[in-house]
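Descriptive structure summary
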Amino acid sequence: MTSPEARRPIVAANWKMNTGPHDGAELARAVAAENLPFAQVDVVLCPPATGLTAVAQAVQGTPIGVGAQHVYWESSGAFTGEISVPMLTGLASYAIAGHSERRQLFGETDLDVQHKTLAILAGGLTPIVAVGESLDQRDAGATLTVLRTQITAVLEALSPEQSAASVIAYEPVWAIGTGRNASPAQAQEAIGWIRDTVAAAHGCPAAERVRIQYGGSVSPENCEELLGREGIDGALVGGASLDAAKFAAIVRAAAP
Ligand code: 13P
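This text gives an overview of the structure that appears in the document. What you see is a predicted model; the values in this text were computed from it and never measured. Numbering of residues starts from 1 in every chain and runs along the sequence as written. Whole-chain, interface and lining totals are the exception, using all residues; otherwise, since this is a predicted model, local features are given only for residues with pLDDT of at least 70 and side-chain atom pairs are given and counted only at 80 or more. For the side-chain quantities, the full set of heavy atoms in the structure was used; hydrogens and water were omitted.

The side chains of a regular strand alternate, residue by residue, between the two faces of the sheet. Residue exposure (1.4 Å probe, protein chains only): buried if accessible area is under 20% of the type maximum, exposed if over 50%, otherwise partly exposed. Numbering of helices and strands starts at the N terminus; helices are DSSP runs of H or I of at least 4 residues and strands are runs of E of at least 2. Most of strand β1 (residues 10-14) is tucked away: 5 of the 5 residues are buried. The alternating pattern of β1 places Ile10, Ala12 and Asn14 and Val11 and Ala13 on opposite faces, both of which are buried. Only strands joined by at least two bridges in the DSSP assignment are considered to pair. Of the pairings in the sheet, the one linking β1 to strand β2 (residues 42-46) comprises 5 bridges and is parallel in character. Pairing of Ile10 across the sheet is with Asp42, part of β2. Orienting the strands away from the viewer, one traces the path from the first strand over the helix to the second; a clockwise path indicates a right-handed crossover. In this fold, β1 hands off to helix α1 (residues 21-33), which returns the chain to β2; that crossover is right-handed. Of the pairings in the sheet, the one linking β1 to strand β8 (residues 234-237) comprises 4 bridges and is parallel in character. Paired with Ala12 across the bridge in β8 is Leu236.

Here you go:
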């Protein structure tokens, strides 16, 4: 069902709660100075909110995209500490929704992720919707059910065109920040299930277009094996993305 030529790989850096405006801009300039295969791969940097302006300025005139790590779905109002999609105008063209750290540490629900994804799309940005199972869930054989539940909660609010235009990140919770990446076969299997779920909800054309990344301890050492697999359309990178040379190696490995 999948046709890899049709999908452009996308590698995104999730800097999490690291870097301020100054060192974030420096890191962005270091990434931009790497000789990256922009003709073949979409490259996105997701700094913390306080670094968005500086990073957007640092990558201006390059093909590097900027993404927010977190948004609230309302447009404006009395929501202390939150950032809306319209507030990202001119700064970001992507936003992450549903990261497992948001789900686990800040209580975000599947419905929250649905609202955020809709708001991101309505604002003309590309959502990077993160899903993934915990180790207990994997050990209990519940991975497929968990992924299907998380993805369906979002897809049911989207049109086929919206789901095709989204990016999904498969990030098994047990692989995040642990140094223990999913094996290429595990990642490929789970991503296949996610694509099947998109096909069931919105048909094969949407499933063939939606880009599905792998995330979780991606490194220069394991990226070729992971990103070489059919159906794995790039990576969402945490720790290794804080080092320009390591991140660049991962971007290069994503080029077809
Ligand atoms: P690590 O690459 O540090 O495991 O983080 C992955 C991640 O959570 C990206 O969103």
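There's more to say after this.
For the rest of this paragraph, the subject is the pattern of salt bridges. The salt bridge criterion pairs a side-chain nitrogen of Lys or Arg with a carboxyl oxygen of Asp or Glu, the two atoms within 4 Å. On inspection of all chains with the given rule, the structure shows 10 salt bridges. For Arg103, the salt bridge goes to Asp110, with nearest N and O atoms at 2.7 Å. Residue class for Arg103 comes out buried when judged on its relative accessible area of 14%. We note a salt bridge from Arg195 to Asp233, for which the minimum N-O separation is 2.9 Å. Of this pair, Arg195 sits in helix α8 (residues 184-202) while Asp233 sits in the loop between α10 (223-227) and β8, and the two are 38 residues apart along the sequence. With respect to class, Arg195 is no different from Asp233; both count as buried.

Moving on to the packing of helix α6 (residues 143-155) against α8. Direction vectors running N to C along α6 and α8 enclose 40°, while the axes themselves pass 10 Å from each other. The angle between the axes of α6 and α8 places the two elements in the oblique class. Judged by the sense of rotation from one axis to the other, the crossing of α6 with α8 is right-handed. Mapping the contact onto sequence places Thr143, Leu144, Leu147, Arg148, Ile151, Thr152 and Leu155 in α6 and Ala190, Trp193, Ile194, Thr197, Val198, Ala201 and His202 in α8. Residue type decides the class: Asp, Glu, Lys and Arg count as charged, Ala, Val, Leu, Ile, Met, Phe, Trp, Tyr, Cys and Pro as nonpolar, and the leftover types, Gly among them, as polar. When its residues are assigned to classes, the contact of α6 with α8 shows 9 nonpolar, 4 polar and 1 charged. Helix axes use the C-alpha atoms of the stretch in contact, all axes being lines fitted to C-alpha atoms, and the angles between their N-to-C directions lie in the range 0 to 180 degrees. Angle categories are assigned with fixed cut-offs, so that under 35 degrees is roughly parallel, over 145 is roughly antiparallel, 65 to 115 is roughly perpendicular, and the rest are oblique. Left-handed is the label given to a crossing in which the near helix is rotated counterclockwise from the far helix by less than a right angle, and right-handed is the label when the rotation is clockwise. Note on contacts: a residue pair qualifies if any of its non-hydrogen atoms lie within 4.5 Å across the two residues.

Before going further, it helps to examine the environment of Ala207. Within the secondary structure, Ala207 is located in helix α9 (residues 204-209). Between the C-alpha atom of Ala207 and that of Pro160, which follows or precedes it by 47 residues, the distance is 8.8 Å.

Let us now look at the nonpolar core. One recurring pattern in soluble globular proteins: nonpolar side chains tend to sit buried together. Among buried residues, the Ala, Val, Leu, Ile, Met, Phe, Trp, Tyr and Cys ones that are joined through side-chain atoms within 4.5 Å form a nonpolar core. One finds Leu45, Tyr214, Phe247 and Ile250 to be the most contacted residues of the largest nonpolar core, which totals 70 residues. Other than its neighbours up to four places away in sequence, Phe247 contacts Val11, Ala12, Ala13, Val31, Val43, Val44, Leu45, Val237, Ala240 and Ser241. Ala12, Val44, Cys46 and Val167 belong to the second-largest nonpolar core, a separate cluster that totals 11 residues.

Okay, the pairing of strand β6 (residues 167-170) next. Burial of the side chains of β6 extends over both faces: Val167 and Ala169 are buried on one face and Ile168 and Tyr170 on the other. For strand β5 (residues 126-131) and β6, the ladder comprises 4 bridges, and the chain directions are parallel. Paired with Val129 across the strands is Ile168, a residue of β6. In this structure, β6 lies alongside strand β7 (residues 211-215), joined through 4 bridges in parallel fashion. For Ala169, the partnering residue across the bridge sits in β7 and is Gln213.

Moving on: the sheet that holds β7. Ordered by their spatial adjacency, 8 strands build a closed barrel running β1-β2-β3-β4-β5-β6-β7-β8, and the pairing between neighbours is parallel. For this sheet, the mean angle separating the axes of adjacent strands, direction not counted, is 25°. Pairing analysis gives 2 bridges linking strand β3 (residues 65-68) to strand β4 (residues 94-97), with the strands arranged parallel. Directly across from Ala68, in β4, lies its bridge partner Ala95. Contacts from α6 reach β5 and β6 within the one sheet, and its direction differs from that of β5 by about 155°.

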